[in-house]
Amino acid sequence: MASMVSKGSPIKMNIRNNIFLAVTSGLLLGLPWSASALFFVVFIAWGPLLLLEEEVRHHANPYSIFNYAFVSFLLWNIIGTWWVMQAQWVGAILIIIANSLLQALIFWLASRIRTILKIPLLFPFLLIWMGYEHFHLSWDLAWPWLNLGNALATAPKLIQWYEFTGVRGGTLWIILINFAALKLYLTYRQKGPGSIVVAGAITLILFLFPILPSYLIFQNFEAEGDTVNIALIQPNLDPYTEKFDPENYARHVESFFKTADAIVDDETQYLFGPETLIVEQLDEKDPTASVYYRDLLEFRKKYPQLNILLGVHSYRKLDNEDIPPGSRFNSEENFYYEAFNTALFLPAGSAAAPQFYHKTKLVPLFERMPFVQYLGFLGKYSMELGGYTGTYSLRQESTTFGLPDASVTILPIVCFESIFGPYCSRNLPEEAGFICMITNDGWWKNTPGYRHHFNFSPVRAIENRRDFVRVANTGISALINAKGMVIAKTPWWEKTTLKGRIHLRRGQTFFARHGDYLGRISLVLGGFLVLYAGIRNKKHFF
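Residues numbered from 1 in each chain as written. Predicted model: local features only at pLDDT ≥ 70, side-chain atom pairs only at ≥ 80, totals over all residues. Heavy atoms only, no water.

A. Expanded view of the overall build of the chain. Within the chain one finds 14 helices and 14 strands. Taken over C-alpha atoms, the radius of gyration comes to 25 Å for the chain, in line with the 24 Å a tight globule of 542 residues would show. In terms of its C-alpha atoms, the chain occupies a principal-axis envelope of roughly 80 × 55 × 35 Å. In the chain, which comprises 542 residues, the share counted as buried stands at 60%. Of the roughly 22,500 Å² of accessible surface on the chain, a fraction of 60% belongs to carbon and sulfur atoms. The positive charge centre, built from 47 side chains, and the negative charge centre, built from 43, are 14 Å apart in the chain. (Helix = DSSP H or I, 4+ residues; strand = E, 2+ residues; numbered from the N terminus. Rg over C-alpha atoms; globule rule 2.2 N^0.38 Å. Buried < 20%, exposed > 50% of the residue type's maximum accessible area, 1.4 Å probe, protein only. Areas by Shrake-Rupley, 256 points an atom, 1.4 Å probe, with all protein chains shown as cover. Lys, Arg positive; Asp, Glu negative; His and termini not counted. Charge placed at Lys NZ, Arg CZ, Asp CG, Glu CD.)

Shown next as structure tokens:
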């Protein structure tokens, strides 16, 4: 596969054809994120761009492939994430352009390295792209929405092996199939149908190799562990016109507890509410100062056996000597504080203390300005989202919730964090429990955005082999089992409730124990490859 198209190949492309190939790849890459039922096209989506790379990599302009790749990735990003514009069009444009430029740079790097080192494109592309996906989980502009393995999120029966590899295994599979399919196509074009037996067999084996074990795992997987009764409430508050209006705060909380009274009974063990159910900030050091927290305590008195988990805005006051980047200032009372998007857990029992989990994977530009820890003044420029602005802090002191007797441990996830598989799995405890995600997807209105965000939840259930409770303000709320299958779910944009039973599974998967090892290895090897190529050709690398 060292040279996919020989110099004598009949495939001669002019600029128009090059643009056609770039656009075709962009369209095919975008389809799984806009119409998830078409996830399978991702297995051939890279073909046109790979053909294009072979044609133009020796072009007199060394950045020609970057330009064409940018066209592809810009189209992919627009098709896959255009719905962000529903929330904030300036921020959406910045995210789309920045992500497209970064992806084009990665593809250009792989092309330059294969040209300098005279090696097949597969090797540098595989390492650098998978390393990029790993890196894209952890820096201040993290936006892993379009990581390739996510394209398979709607096919849980095909990806049961994600418990061993995480999403990066899906990326590896997709890239290998794309190169194999391209080799098959070129062999057919150059030598005719009689010559494709070997290439066809290799492609088929690569395609079926993960599928067959996945179906076996799925069929033999058994539900285990004790079960608990849960109830969740989907308030369905429009984040633009209702939820963040201070005049509505009291009415919304009152409505929530009124609904809870109607669905909670003596057998209900857990009650869940969505992200930022209590919008007005409460002081974590003195939560009873909040009238809404006192309402929560009064409600819990009626159901002493009930464990409650819901979303709040919280804060912690700071002394004036140690002010972390991104902190806020209360000008009325003259103090600095850290603000958090928080999951609050109140265990059963009148003596139980509240537990707080802070969302730390924050949406760039909206919830936290990138690089604010280095350029503190950026904190005041976070973009408005539905009338709410402000940079959240990253302080995290607790990654799980637990009952006082340690019999159950809950892994909380808040909204955007559900996209970060390695982050979620890193916090998975050995003890028996489940995953609970609270979210507000109403920002994206009726677009593919909320549907694709929902699709990440079954993937997290598979990676961690835990039952998954998803609690959304406007939907989709759901109960998902450890095989990634949806047991029950609510409609979109409807005030409703959901009750059911979930299993308390224990232990850690291979992926939870070892994390994104495929990504880490690729990042290290890809980095060495870039350095080696740069040393080999210092003058003409760029």
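Once the structure has been displayed, the description carries forward.
B. Summary view of the pairing of strand 10 (residues 433–439). Within strand 10, seven of the seven residues are buried, which leaves the element mostly enclosed by the surrounding structure. Here strand 10 shows a buried face lined by G433, I435, M437 and T439 and a second buried face lined by F434, C436 and I438. Relative to strand 10, strand 9 (residues 409–414) runs parallel, the two sharing six bridges. Counted as the bridge partner of P412 is C436 from strand 10. Between strand 9 and its parallel partner strand 10, the chain crosses via helix 11 (residues 421–426), and the hand of that crossover is right-handed. (Pairing = 2+ DSSP bridges. Right-handed = clockwise from strand over helix to strand, strands pointing away.)

C. A look at a nonpolar patch on the surface. Residues M85, W89, V90, I93, L94, I97 and L101 make up a contiguous nonpolar surface patch of about 610 Å² in total accessible area. Positionally, W89 belongs in helix 4 (residues 89–117). (Patch = residues over 30% accessible without salt bridge, like charges linked within 9 Å, V, L, I, M, F, W, Y side chains within 5 Å. Salt bridge = Lys/Arg side-chain N within 4 Å of Asp/Glu carboxyl O.)

D. Region of the structure containing helix 7 (residues 167–191). The terminal C-alpha atoms of helix 7 lie 36 Å apart, and with 25 residues this matches the ideal 36 Å at 1.5 Å per residue to within 8%. Following helix 7 by one or two positions, G192 adopts a phi angle in the positive range, close to 90°. (Expected span 1.5 Å × (residues − 1).)

E. Fine view of the pairing of strand 11 (residues 468–472). Judged by how many residues are buried, strand 11 sits mostly within the fold: five of five residues are covered. Here strand 11 shows two buried faces, one formed by F468, R470 and A472 and the other by V469 and V471. Across five bridges, the pairing between strand 10 and strand 11 is parallel. Directly across from C436, in strand 11, lies its bridge partner V469. Each parallel crossover has a hand, and the one from strand 10 via helix 12 (residues 448–464) to strand 11 is right-handed. Looking at chain direction, strand 11 and strand 12 (residues 478–480) are connected through three bridges and run antiparallel. Bridging across to strand 12, V469 finds its partner in L479. Between strand 11 and strand 12, which follow one another and run antiparallel, lie five residues, and G475 among them has a positive phi close to 100°.

F. Inspection of the state of the cysteines at higher detail. Counting across every chain of the model gives zero disulfides. Not engaged in a disulfide, the cysteine C424 finds its nearest cysteine sulfur in C415; these two sulfurs lie 12 Å apart. Given a relative accessible area of 1%, C424 falls into the buried group. No disulfide involves C436; its nearest neighbouring cysteine sulfur is the one of C424, lying 12 Å away. (Disulfide = S-S within 2.5 Å.)

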